[in-house]
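Residue-level structure breakdown
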Amino acid sequence: MAPLTTYPVLQVENLTMHYTTRKGAVKAVEDVSFSLDKGEALGLVGESGCGKTSVALTLLRLLPENAQFLGGHVYFFRDGSDEAHARRAVGKPVKILLDGQEHQGRLVEVDRSQLVLDARLNGRTQQIKLGRDDIARLGVDLTALSDEEMRPIRWKGISMIFQAAMNSLNPVYKVGDQIIEAMQTHMPIPIPEARERVAQLFQLVGLDRQLMDRYPHEYSGGMKQRAVIAMALACDPDIIIADEPTTALDVIVQDKILREMRQIQKKLNMSMIYISHDIAVIAEVADKVGVMYAGGLVEFGPSEAIFKSPIHPYTKALMSAFPSIKGEKVKLAALPGEPPDLIKPPSGCRFHPRCPYATEICEREVPKFIEHKPKQYAACWNPLM
Amino acid sequence: MALQTQTKTETLVRVENLRMLYPVATGVFARARSFIHAVDDVSFEINRGEIFGLIGESGCGKTTTGKLLVRLIDPTSGHIYLRITQDPSTDSQGEQFVDIATLEGRALKEFRRNAQMIFQDPYESLNPRMTIFDIVSEPLSIHGIGSVYEREERVAELLSLVGLTPPESFLFRYPHELSGGQRQRVAIARAMILNPSFIVADEPTSMLDVSIRTGVMNLMLDLREEFGISYLYITHDLAVARYMCDRIAVMYLGKIVELGPTEEVIQNPLHPYTRALISAVPIPDPTVERQPIEIKGGVSKPIDPPPRCRFYERCPIATERCAQSDHPPLEDKGHGHFVACYEI
């Protein structure tokens, strides 16, 4: 088996989701594709209403009733040797990483030593058998799972810290008990062990273990946020999605929690999707950055490359509109216009009415999301190179 | 009590020993025995045409100070002097300092022509049942200025000034038809319509998205250039304060702990609290490694604070002297950079 330096944990392909409203369909997520590697922090940045939270909710299938999933794939990867993961993938579209090669197909059956896969090879579908030990990563398409099959993925596979989650702690239960309850829903663990685990988690997020037996009103905002982070870590997830976890907090507390999350994520070698409107926060936490505008991912790539030389004009505009306390003080450039109504988004590239570089084709055709520089993707007809 | 080195600039607002105590409710009939010291002996000056920033974390008293300066609430004690033209026909020679902390009746109403406020949340601060014309022209009708025709002219003029063009297309719309950025522009137009010399802006851009926020900030800077308006700019965001303000004051639990020219305070903070605050601001550049300064604990509530430095419990450099003495006074460390600390 070829040694791989990075493993994918998540591959999102052409995700599209609309909300049905009385005024028409809100095109909230349009053809979004990205990937997340093991131990990597991805920052998803964009303005309110650009679809960043909707992407997360679509991944986890936590959508409201008026949401319409219109297509795309979400491959969630684990080791090929993971029994429960392999079992859940039977009969589902899968991706397999074998000798550094990616294979796609449908998993027919699985036993202790091998996988049987229906895959298209050389233009025709054939059945192939693969030894379990040869398989580096097995990815199952979450969009093909039933709600019942999806349940074990949440918390244990992918857990989420919701925006303003600190306000969602139940005021009449002790904080520790709430975390134990969430844990026991997902794994059979006796109470004393669960308590010990909560104590460890509290230590990890910088809370005194005595606080387990206190009620939420006895916590400050920062402490509640830490408790919510502990809760998200409770089932030892592969991926944690944090949706603006520090937005309501003061600068000093925000900074402490940000640094702690980063440390925990590195220490546990966990993957993280960090959602924020604040590019300064994203610059601090993210290895890779995805920039969203009006429901689409407009740019994606390594954080340093994107901050140093953005390809998409919107990314550039976002950065030149952001003040900093470091560096030379410059007049910030305001972006003309307003983000579009997603019920009737502009034709072609959704950014074209506000884009200083727009040409005739931008209005007519949707630009493809392609690799313009090594590992730096953008959807733009007139990329800034 | 001059806090500022004398220059050619003219002082427009002078705040002296301003104090606002809120009683802590103990029961329906019980008399309050404890007080929250929301603003505690605060003094500063704002020059004509200057943008003065008030910085601090939530609960530090910056919004209360702002509300006091436009007399939305009455101070417990202290003075707020504003240079007011008593008779609109005279020039600036006819102006005089009026202590607005004690104004009542007609004089208070007259003062409101000179000082206006812009609020944080444009979704809350505009009456949803009024048209944009009604909202922006309301100050004119309250002060009985102009005929309906003249008011319409003036409102249209203001709307184009704040970038809502063409104004006719906005006049008879309702706030819910407007985006957040447009609403905040309406709020600015309303604040500007009486030609005030002083505006208190309380986090005017913190609810707005980045691409919209910059437009509103630049608009406020342009209005200052054009009309020489002074702002008290309240914000928790140091990067925004750096962009907007000429001078800033950092508040902590009701006290100003540091005050000076913005660039000087941000690049060379002296007070241990300001240092920690500035070191915690994220930088939008992944190649920069910050060195955050750790401070203990979190912000408490200033309920009957003991007579010593408000920052004592969290301060990394506190000494015996800090424990024994009252809250330190603001001292000039040169270049108009004031710090309230015994150990600097």
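Definitions and cut-offs
Residues numbered from 1 in each chain as written. Chains lettered and ligands numbered in written order. Predicted model: local features only at pLDDT ≥ 70, side-chain atom pairs only at ≥ 80, totals over all residues. Heavy atoms only, no water. Helix = DSSP H or I, 4+ residues; strand = E, 2+ residues; numbered from the N terminus. Rg over C-alpha atoms; globule rule 2.2 N^0.38 Å. Buried < 20%, exposed > 50% of the residue type's maximum accessible area, 1.4 Å probe, protein only. Contact = heavy atoms within 4.5 Å. Core = buried A, V, L, I, M, F, W, Y, C linked by side-chain atoms within 4.5 Å. Pairing = 2+ DSSP bridges. Phe/Tyr/Trp six-rings, centres within 6.5 Å; stacked < 30°, edge-to-face > 60°. Lys NZ or Arg CZ within 6 Å of the ring centre and 35° of its normal. pLDDT = per-residue confidence, 0-100. Salt bridge = Lys/Arg side-chain N within 4 Å of Asp/Glu carboxyl O. Axes fitted to C-alpha atoms, helices over the stretch in contact; angles between N-to-C directions. Parallel < 35°, antiparallel > 145°, perpendicular 65-115°, else oblique. Left-handed = near helix turned anticlockwise from the far one by under 90°. Nonpolar A, V, L, I, M, F, W, Y, C, P; charged D, E, K, R; others polar. Polar contact = N/O pair within 3.5 Å; in protein donor to acceptor, adjacent residues only side chain to side chain.

1. A look at the overall build of chain A
Looking only at helices and strands, chain A features eleven helices and 16 strands. Computed over C-alpha atoms, the radius of gyration of chain A comes to 22 Å, within 12% of the 21 Å expected from 2.2 N^0.38 for 385 residues, which places it in the range of a compact globule. Considering only C-alpha atoms, chain A reaches an extent of 65 × 60 × 45 Å along its principal axes. Evaluated residue by residue, chain A yields a buried proportion of 55% over its 385 residues. Residue pairs in contact within chain A that sit at least 24 positions apart in sequence constitute 63% of those at least 6 positions apart.

2. Here we look at the nonpolar core
Counting residues in each nonpolar core, the largest one holds 120 residues, and the members touching the most others are Leu10, Phe202, Ile241 and Ile273 of chain A. The biggest single contributor to this core is helix 6 (residues 221-233) of chain A, with seven residues.

3. What about the pairing of strand 12 (residues 271-276) of chain A?
Residues and elements named next belong to chain A. When you tally the buried positions in strand 12, you get six out of six residues, the bulk of the element. Here strand 12 shows no split at all, with Ser271, Ile273 and Ile275 on one side and Met272, Tyr274 and Ser276 on the other all buried. Two elements, strand 3 (residues 41-45) and strand 12, share five bridges in a ladder whose sense is parallel. Each residue of the ladder has a partner; that of Leu44, found in strand 12, is Ile275. Across five bridges, the pairing between strand 11 (residues 239-243) and strand 12 is parallel. Bridge assignment links Ile240 to a residue of strand 12, and that residue is Met272.

4. Focus on the packing of aromatic side chains
Scanning all chains against the criterion turns up eleven aromatic pairs over all chains. Taking 6.3 Å as the distance between ring centres and 40° as the angle between the ring planes, the aromatic pair formed by Phe34 of chain A and Phe300 of chain A counts as tilted. Within this pair, whereas Phe34 of chain A is found in strand 2 (residues 24-37), its partner Phe300 of chain A is found in strand 14 (residues 296-302), the two being separated by 266 residues in sequence. For Phe34 of chain A, a relative accessible area of 6% gives the class buried. Ring geometry for Tyr252 of chain B and Tyr273 of chain B: centres 4.5 Å apart, planes at 50°, overall tilted. Taken as a pair, Tyr252 of chain B in strand 9 (residues 247-252) and Tyr273 of chain B in helix 10 (residues 272-279) lie far apart in primary sequence, 21 residues in all. Aromatic rings pair up to connect Phe34, Phe300, Phe369 and Tyr377 of chain A into one cluster. Across the ring face of Phe97 of chain B, the terminal group of Arg14 of chain B is positioned such that the distance to the ring centre comes to 5.0 Å. Here the guanidinium or amino end of Arg213 of chain B rests over the ring plane of Phe322 of chain A, the centre of that ring lying 5.2 Å away.

5. Brief notes about the pairing of strand 4 (residues 67-79) of chain A
Residue and element names in this part refer to chain A. Taken together, the eight bridges between strand 1 (residues 8-21) and strand 4 define a ladder with antiparallel strand orientation. Across the sheet, residue Thr16 finds its bridge partner in strand 4, namely Gly71. Judged from the five bridges that link them, strand 4 and strand 9 (residues 135-141) form a sheet pairing that is antiparallel. Counted as the bridge partner of Arg78 is Leu138 from strand 9.

6. Topic: the confidence of the model for chain B
All names here are of chain B. Considering every residue of chain B, the mean pLDDT works out to 89; 94% of them sit at 70 or more. The weakest mean pLDDT in chain B belongs to strand 5 (residues 95-99) at 82; the strongest belongs to strand 3 (residues 51-55) at 97. For this predicted complex, the interface confidence reaches an ipTM of 0.86, while the overall pTM sits at 0.90.

7. Quick look at the pattern of salt bridges
Pairing is possible between side chains that carry opposite charge, provided their charged atoms lie close to one another. A complete count under the given rule lists 40 salt bridges over all chains for this structure. Taking the shortest distance from any N to any O, the salt bridge between Arg154 of chain B and Glu157 of chain B comes out at 3.2 Å. Taken together, the residues span about one helical turn, with Arg154 of chain B and Glu157 of chain B both in helix 4 (residues 148-161) at a distance of three residues. For the salt bridge of Arg308 of chain B with Glu313 of chain B, the shortest nitrogen-to-oxygen distance reads 2.4 Å. Within this structure, Asp255, Arg259 and Glu284 of chain A together with Arg290 and Glu294 of chain B form a network of salt bridges that share partners.

8. Describing the packing of helix 7 (residues 251-267) of chain A against helix 10 of chain B
Contact geometry for helix 7 of chain A and helix 10 of chain B: axes closest at 8 Å, N-to-C directions at 50°. One element, helix 7 of chain A, and the other, helix 10 of chain B, form an angle in the oblique class. The crossing of helix 7 of chain A and helix 10 of chain B is left-handed. Where helix 7 of chain A abuts helix 10 of chain B, its residues Val251, Ile252 and Asp255 of chain A lie against Tyr273, Ala276, Leu277 and Ser279 of chain B. Tallied by class, residues from the contact of helix 7 of chain A with helix 10 of chain B come to five nonpolar, one polar and one charged.

9. Re the interface of chain A and chain B
Chain A puts 38 residues into the contact, and the matching count from chain B is 42 residues. Note that Asp255 of chain A is salt-bridged to Arg290 of chain B, the shortest N-O span being 2.6 Å. Put simply, chain A and chain B have 18 residue pairs in polar contact (both at pLDDT 80 or more) between them. The set of elements that each furnish at least two residues to the side of chain A that touches chain B consists of helix 7, helix 8 (279-285) and helix 9 (303-308) of chain A. The class makeup of the residues in the side of chain A that touches chain B is 18 nonpolar, seven polar and 13 charged.

10. Remarks on the side chain of Ser33 of chain A
Residue and element names in this part refer to chain A. Secondary-structure assignment places Ser33 in strand 2. Residue Ser33 is classed as buried on the basis of its relative accessible area of 18%. There is a polar contact of 2.8 Å between the side chain of Ser33 and the backbone nitrogen of Asn14. Not counting chain neighbours up to four residues away, the residues in contact with Ser33 comprise Val12, Glu13, Asn14, Leu297 and Phe369.

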